[in-house]
Structures are given as C-alpha cells and as structure tokens.
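# Working through the structure, step by step
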Amino acid sequence: MSWRDLYCGELRKDHIGRRVTVAGWVDTRRDHGGLVFVDLRDHTGKLQLVVNPERAADAQVAAHEIRNEFVVQAEGEVVARAPDAVNPNLPTGEVEVQVDALRILSRSTPLPFQLDEEHVDETLRLRYRWLDMRRDRMQHNFRLSHTVIAAIRRAMDAMDFVDVWTPSMTRGTPEGARDFLVPVRLQPGKFFALAQSPQLFKQLCMVGGIDRYYQIATCWRDEDLRADRQFEFRQLDLEMAFVEREDVLDVMESAVVASFEALGREAPSRPFPRIGYDEAMARYGSDKPDLRFGMEIQDATGVTRGSEFGVFKSAPTVRYIVAPKVFSRAELARLEELAKEWGARGLAYIVVDESGEVRSPIAKFLSESELATFEAEPGSTVLFGAGDEAMVARVLGLLRLHIGRELGLIDVGLDAFHWVIDFPLFEQDEETGRWTFAHHPFTAPMAGDETWDESNPAGTRGQHYDLVWNGWELGSGSIRIHDVEVQERVFRTMGLSDEDAHSKFGFLLEALAMGAPPHGGFAMGIERFVALMAGEPDIRQVIAFPKVSSGSDPLTGAPTPMPDEILRELGIGALQAESSSSH
Ligand code: ASP
C-alpha cells in the first residue's frame, strides 16, 4: 500500500476536488464538539484535516483519541476553505482535507516538551533529540547543512578532486590536541589513536600520485568542548600536488562561493583579501580579525619613548585604540578589569568629552606632541596597552572586539571573508620556552627562510594560511615540506631526536625520500561553516546528535563504564576509585 499520495505541505488550490491520502505527525488537534480539526505535519509543512462526524463517524472516534505527535494517516477530499477560514500565513492555508477515514499508525506518550515551546533546556532537547529534530529550526539546519555539503562535493568534483577514504584508526597525528585512544583486543596493551585529521594520509596520497585529494573527513580531538568545538567534527579536507599557495586558496574560495550560491545567498567577492599575520596582529591584535568594523590598533611606541609617564617610557610596546564613546568611570573600571583578566597590568586611558575637554589620570604626564598623536575626536576614549608586544596585541585585540560588540559597531549585514597568510613557522611555549610548530610540523618554511637556527628559530616564516569569516577561523592549511632533510630539521627544532622522529614519523620520512611532489592543502571545519551559514550561535545546532559541554551524550548516556572482563580482554584496567569518587 502507498502510505501517502503527496506531502502535507504540498496541498494547494489546484488539488481541490481530488481524493488524497496523507500521513504525518499530529501538530495540534482542536476539538469543537462536533467537528475536530487536526493540523497534520511533515518535513514539508502543515495541512488542515477536518473530521466531521456526519461525514465519517469512525474517523471521529479515532480523532477523539489522537494527541499531539501521534502519527496518523488520513484519506479524504481536498476542499476550499470558507473565505473567513483561509490562513494566509500557511502555504496550504486556502484548502483543507475533509476526512473520510483516519488511521492511527503510531501513538505518542506525553511529551517532555511541546514542539512550539521556546527556551527548552538544551540538555532536555538533546535527550529527546528525535522530538527536537521535528521542529522547524532543526529541520531547516539539517537541510541547509546537506545543501552546503552537496554543493561542496559538486564543486570539488568539477575541479577534478578525488574522494579517497582514509583510516580513522591510526597513529597519533600532531594537530595540537590530545588523541582519543582505541584499545586493540588482538594486541592487548596497544592502542590506535583516532585521527585528529587525515593530514599524513593525504600527504601520502600526493606521494602516491592522486594529484587532487578531498574528503568530508571526520576528525577526533580530545579537547574541552565549546560553542564551536566537539570531540568529533568534520572537515572539508583537501590536498593538491604541484601547487603554490594561491592555487589552494583559489580552490577553497570556489568551494565557499559554491556553498553561498547553493543557498541562493549573495557570495562574497573574489579573491578574498589577504592580510599578513604580522599586520593582522599589529592592526587587530588577532590572527582571526573581525574586519566588519574599524577601530584599528595604532602604534605609539615611537612617540612615547621619551615620555614622562614611566609605564610608557619603559614598555617595549605601547599601542592604543580609540573608541567612539565617552566612557564613564564605572565603564572604564569594568574595561580595566577585563584587560587585567587578559594579561594587562592596568588600562591607561584618555577621555575626550563632547566639548573636547580631556579627562585622564595620565594626561598631565604626556607632552603636547604625545597627546596630538592620539588624534582623539571629541566624544571618544583612547585606551592604551603597554608591555610586551604579544600581550599588548592580545589585550587590545580583545578590547577592540568587546567594545565593537558592546557599541554595535559591527555591521552584521556584512560577510567579511579573508585570508591570513605568512604565519610564523614556529611558536615558543610561554611556560617551557620550548619551540614547537605553529600549525603542524609538516608546514614548509617560506622561500628564503629554509635555514634557521635550530635552537632559536624565531622569525622563521611558514607557508601557512588561515581562512577567516567575520572573526571566526574556518580552517587552516599550508604548503607542505616535500624535502626529507627540511622535515628532519623541523622535527629536531621541536626537540625530537632523530630516533624519535623516525620511530613516530618514519613512514612519512621514507615516503618523502621516494619521490614526493611539491604539495599543499587545506581543511575547513564543516560544522563551524554550516553554523555560521545558518546564523546559529553554536555548532551543536547543526549536529544531529552532539555532546553537551561535559563531554557526555544525554541521549544514549555515553560514555559508560565497561565490565571488567571486557577491559581485561583489551589488556587495560580502569582506575575506578578515581573516576567514581570524582562524581
Ligand atoms: N590538517 C590540518 C588541520 O586539521 C589542515 C591542513 O593543514 O590541511 O588543521
């Protein structure tokens, strides 16, 4: 038998007079004594059923029994609604189905929340995700996600990329997070790591002559969960042989534009602007700046060298932003508190009120020429950062964002895409002083930067690039090292002995030594991209079954303890006392 002739949302005036069978969920039921009205819903919309006891006595018995979210099937005739009953807000609002037969296909227990209820606790929504999914918002998000991924696949196919599946269970891949481990029954005491990304496999595909690889790849990273982070997520992962940076950026821009077009949205214009890492840090205090508003950071290190204000005089870096507001003392105290949380010692300021009068505890120490440099218009506040360069950039960058949001300076109608390029190759750990990779250890140095001091690689630039949308990092990539000696030097700089490097990455070093083409690639977080496309505040809203911030899945109750005999078989023992006493 056929369950339905057409979808609930499809009925229109053209169907008047037709006999139809429809099926779906009961959205609402209104019992008017004699007549019963039922709104029947599926993924396409809602339609109104009318059960009239004079027309169908059996159907009316069933109609009395049904409750919200029962699944029912109805057969009847499509009729025009009376003029005063037309619902202009509903695409099916001009018609209704006069029911002749009504069958309950499935019942529902009372619901933990109503589908039209707002502000339902998120854990409850996730616990009953199958109900939550029936709502418009979720239906919209999952279909939007599908449209974007389908468009990306079409674009990749059109650009001759080959979808190659790579293993999830592998050796640890250094993407900067902890690994999830998988014990192995056949080899007790040994573990696979779940891939943090297909990085090394995609590079091996290049050595293997695939030329252009892509995958919508699942990645696993053991990190604290946040609005834009889950243990598992997907990437549009790609790698290309015989390319330079611009070739990779061009492909990524095509994929982004294809996604916008598939959604019927105006696409950002190409090429996306490029901004160097040093410039981004200096002007915006961030390697993922939000370019939808100005309030750029400006430098005052030169003019404050001979300052009588001791803090400025001795600081290696003095920079400032000018906010278009006369902040009150209380507001300034709050901003100073934030600056301190972010690592500043204090927050010097100059308020220039509407009449041009200067209010500032430090003004008396500043010369005319210093004051003139800050160019503050009446009705604004100059806020300073003084200290080491990294801290000053970070604090002013965060203040800029905070004030930009608070004062509504961000043009939310804009889609500001850009590339940040020319990142440093290495970073120094603030605590241990050790050098490590900035992106991952497979990123190539820039031409001309191939020879660095292995004990102090400061200033070495890498061929690493990030894609940023409205202040969100969408993804990263790089041109890779294809020379085995350069690769060994990177490992040594990170403090890996040649022996360690060969034991962990011997397969890569061997592959690089057997005819590796120059290559490079990129990976973009799919959920983050889709969430931004959907205008959602966090990626959980575009993931079917996400975990909550504690790392648990409220729906299945995972993770769970395992029986001892299973653990024994895997060659592992759980430190049970610790895990049970901590709850
Ligand atoms: N594997 C990198 C990442 O996951 C991306 C890349 O370099 O292609 O961030």
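That block above? That's the structure.
Residues numbered from 1 in each chain as written. Predicted model: local features only at pLDDT ≥ 70, side-chain atom pairs only at ≥ 80, totals over all residues. Heavy atoms only, no water.

### Quick notes on the nonpolar core
Selection rule: Only buried residues count toward a nonpolar core. Its members are Ala, Val, Leu, Ile, Met, Phe, Trp, Tyr and Cys residues joined through side-chain atoms within 4.5 Å. We call a residue buried when its accessible area falls under 20% of the maximum for its residue type, exposed when it is over 50%, and partly exposed in between, using a 1.4 Å probe and counting protein chains only. Helix and strand definitions here come from DSSP, where helices need a minimum of 4 consecutive H or I residues and strands a minimum of 2 consecutive E residues; each element is numbered from the N-terminal end. Whether two residues touch is decided by their heavy atoms; if any such pair falls within 4.5 Å, the residues are in contact.
Counting residues in each nonpolar core, the largest one holds 62 residues, and the members touching the most others are Leu236, Leu238, Leu467 and Met524. In terms of residues, this core owes the most to one element, helix H6 (residues 245-262), which gives eight residues. Look past the residues within four positions of methionine 524 in its chain and what remains in contact with it is Ile152, Arg234, Gln235, Leu236, Met252, Val256, Leu467, Leu474, Gly475 and Phe529. Counting 25 residues, the second largest nonpolar core, distinct from the first, contains Ala56, Ala59, Val78 and Val95.

### Observations regarding unusual backbone geometry
The step from arginine 270 to proline 271 runs through a cis peptide bond, and the omega angle for that step is -10 degrees. Position of proline 271 relative to the elements: it lies in the loop between H6 and strand E12 (274-276). Here alanine 558 and proline 559 are connected by a cis peptide whose omega angle stands at 0 degrees. Its place among the elements puts proline 559 in the loop between helix H14 (526-534) and helix H15 (564-570). Phi is positive for asparagine 470, close to 50 degrees, though the residue is something other than glycine. When you line up the elements, asparagine 470 lands in the loop between strand E21 (464-469) and strand E22 (472-479).

### Considerations on the sheet that holds strand E9 (residues 191-194)
Keep this limit in mind: The criterion for strand pairing is that DSSP finds at least two bridges linking the strands in question.
A sheet is described by the order of its strands in space; here three strands give the open sequence E7-E9-E8, paired in antiparallel fashion. Two strands in the sheet have a free side with no partner beyond their single neighbour: strand E7 (169-170) and strand E8 (181-183). Here E8 pairs with E9 via three bridges, running antiparallel. In the strand pairing of E9, leucine 181 is matched with alanine 193.

### Re the packing of aromatic side chains
Rule in force here: Only Phe, Tyr and Trp rings take part, Trp by its six-membered ring, and two of them pair if their centres are within 6.5 Å. Stacked means planes under 30 degrees apart, edge-to-face means over 60, and tilted covers everything else. In this scheme, Lys NZ or Arg CZ marks a charge over a ring once it lies within 6 Å of the ring centre and within 35 degrees of the ring normal.
This model, assessed by the stated rule, comprises 22 aromatic pairs. Residues tyrosine 128 and tryptophan 130 carry aromatic rings whose centres are separated by 5.6 Å and whose planes lie at 80 degrees to one another, so their mutual orientation is edge-to-face. Judged by relative accessible area, which is 42%, tryptophan 130 ranks as partly exposed. Ring geometry for phenylalanine 309 and phenylalanine 312: centres 4.7 Å apart, planes at 75 degrees, overall edge-to-face. Grouping residues by exposure puts phenylalanine 309 and phenylalanine 312 together as buried. Each residue in the set Phe260, Phe272, Phe417, Trp419, Tyr465, Trp469, Phe522 and Phe529 is aromatic and connected to the rest through ring pairs, giving one cluster. Of note, arginine 127 hangs over the ring of tyrosine 128, and the distance from its end group to the ring centre comes to 4.7 Å.

### Let's talk about the sheet that holds strand E16 (residues 358-359)
Read across the sheet, five strands follow the order E13-E14-E17-E15-E16 without closing on themselves; strand pairing throughout is antiparallel. What marks the edges here is a single partner per strand, and that holds for strand E13 (298-299) and E16. Inspection of the sheet shows strand E15 (residues 349-352) paired to strand E17 (residues 380-387) by four bridges, in the antiparallel sense. Residue pairing across strands places valine 352 opposite serine 380, the latter belonging to E17.

### Some details on the site of the ligand
Heads up, the condition is: Neighbouring residues are identified by heavy atoms, a residue being near a molecule or strand if any of them is within 4 Å of it. Pairs of N or O atoms within 3.5 Å make up the polar contacts considered here, provided that, within protein, one atom can donate a hydrogen while the other can accept it, and that residues adjacent in sequence are counted only when both atoms are side-chain atoms. Values of accessible area rely on a 1.4 Å probe in the Shrake-Rupley scheme; residue burial ignores everything except the protein chains shown. Side-chain classes are defined by residue name, with Ala, Val, Leu, Ile, Met, Phe, Trp, Tyr, Cys and Pro counting as nonpolar, Asp, Glu, Lys and Arg as charged, and the others, Gly among them, as polar.
Among the 13 residues in the neighbourhood of the ligand, the closest are listed as Glu175, Gln199, Lys202, His440 and Arg480. At a separation of 3.0 Å, an oxygen atom of the ligand approaches a polar side-chain atom of glutamine 235. Contacts to the ligand include arginine 480, whose side-chain N or O atom sits 2.7 Å from an oxygen atom. Relative to its unbound accessible area of 280 Å², the ligand is 95% covered by the protein chains. Only helix H5 (199-207), E22 and strand E23 (519-525) provide two or more residues apiece to the shell around the ligand. Its residues assigned to classes, the shell around the ligand comprises two nonpolar, seven polar and four charged.

### Regarding the environment of valine 71
Note on placement: valine 71 falls in strand E4 (residues 71-80). C-alpha of valine 71 to C-alpha of serine 108: the two residues are 37 residues apart in sequence and 8.1 Å apart in space. Once you skip the residues sitting within four places of it in the chain, valine 71 turns out to touch Gly24, Trp25, Arg103, Ile104, Leu105 and Ser106.

### Examining the packing of helix H9 (residues 329-341) against helix H11 (residues 389-406)
This is how the line gets drawn: Helix axes use the C-alpha atoms of the stretch in contact, all axes being lines fitted to C-alpha atoms, and the angles between their N-to-C directions lie in the range 0 to 180 degrees. For this classification, under 35 degrees means roughly parallel, over 145 means roughly antiparallel, 65 to 115 means roughly perpendicular, and everything else is oblique. By definition, turning the near helix anticlockwise from the far helix through less than a right angle yields a left-handed crossing, and turning it clockwise yields a right-handed one.
Their axes nearest at 9 Å, the elements H9 and H11 cross at an angle of 135 degrees. Between H9 and H11, the angle is such that the two are oblique. Judged by the sense of rotation from one axis to the other, the crossing of H9 with H11 is right-handed. Contacts between H9 and H11 pair Leu335, Leu338 and Ala339 from the former with Val395, Leu399, His402 and Ile403 from the latter.

### Some points on the pairing of strand E5 (residues 95-106)
The pairing of strand E3 (residues 45-51) with E5 spans two bridges and is classified as parallel. Within E5, the position partnered with valine 50 by the bridge is glutamine 98. Sheet topology note: the E4/E5 ladder contains 10 bridges and is antiparallel. Of the residues in E5, the one forming a bridge with glycine 76 is valine 99.

### Thoughts on the side chain of glutamine 199
Looking at where glutamine 199 falls in the secondary structure, it is placed in helix H5. Reaching out from glutamine 199, the side chain makes a polar contact with the side chain of histidine 440 at a distance of 3.3 Å. Excluding residues within four positions of it along the chain, glutamine 199 makes contact with Glu175, His440, Phe442 and Arg480.

### Quick notes on H5
Residues Gln199, Leu200, Lys202, Gln203, Cys205 and Met206 constitute the buried set of H5. Directly beyond the C-terminal end of H5, a positive phi value near 80 degrees is found at glycine 209.

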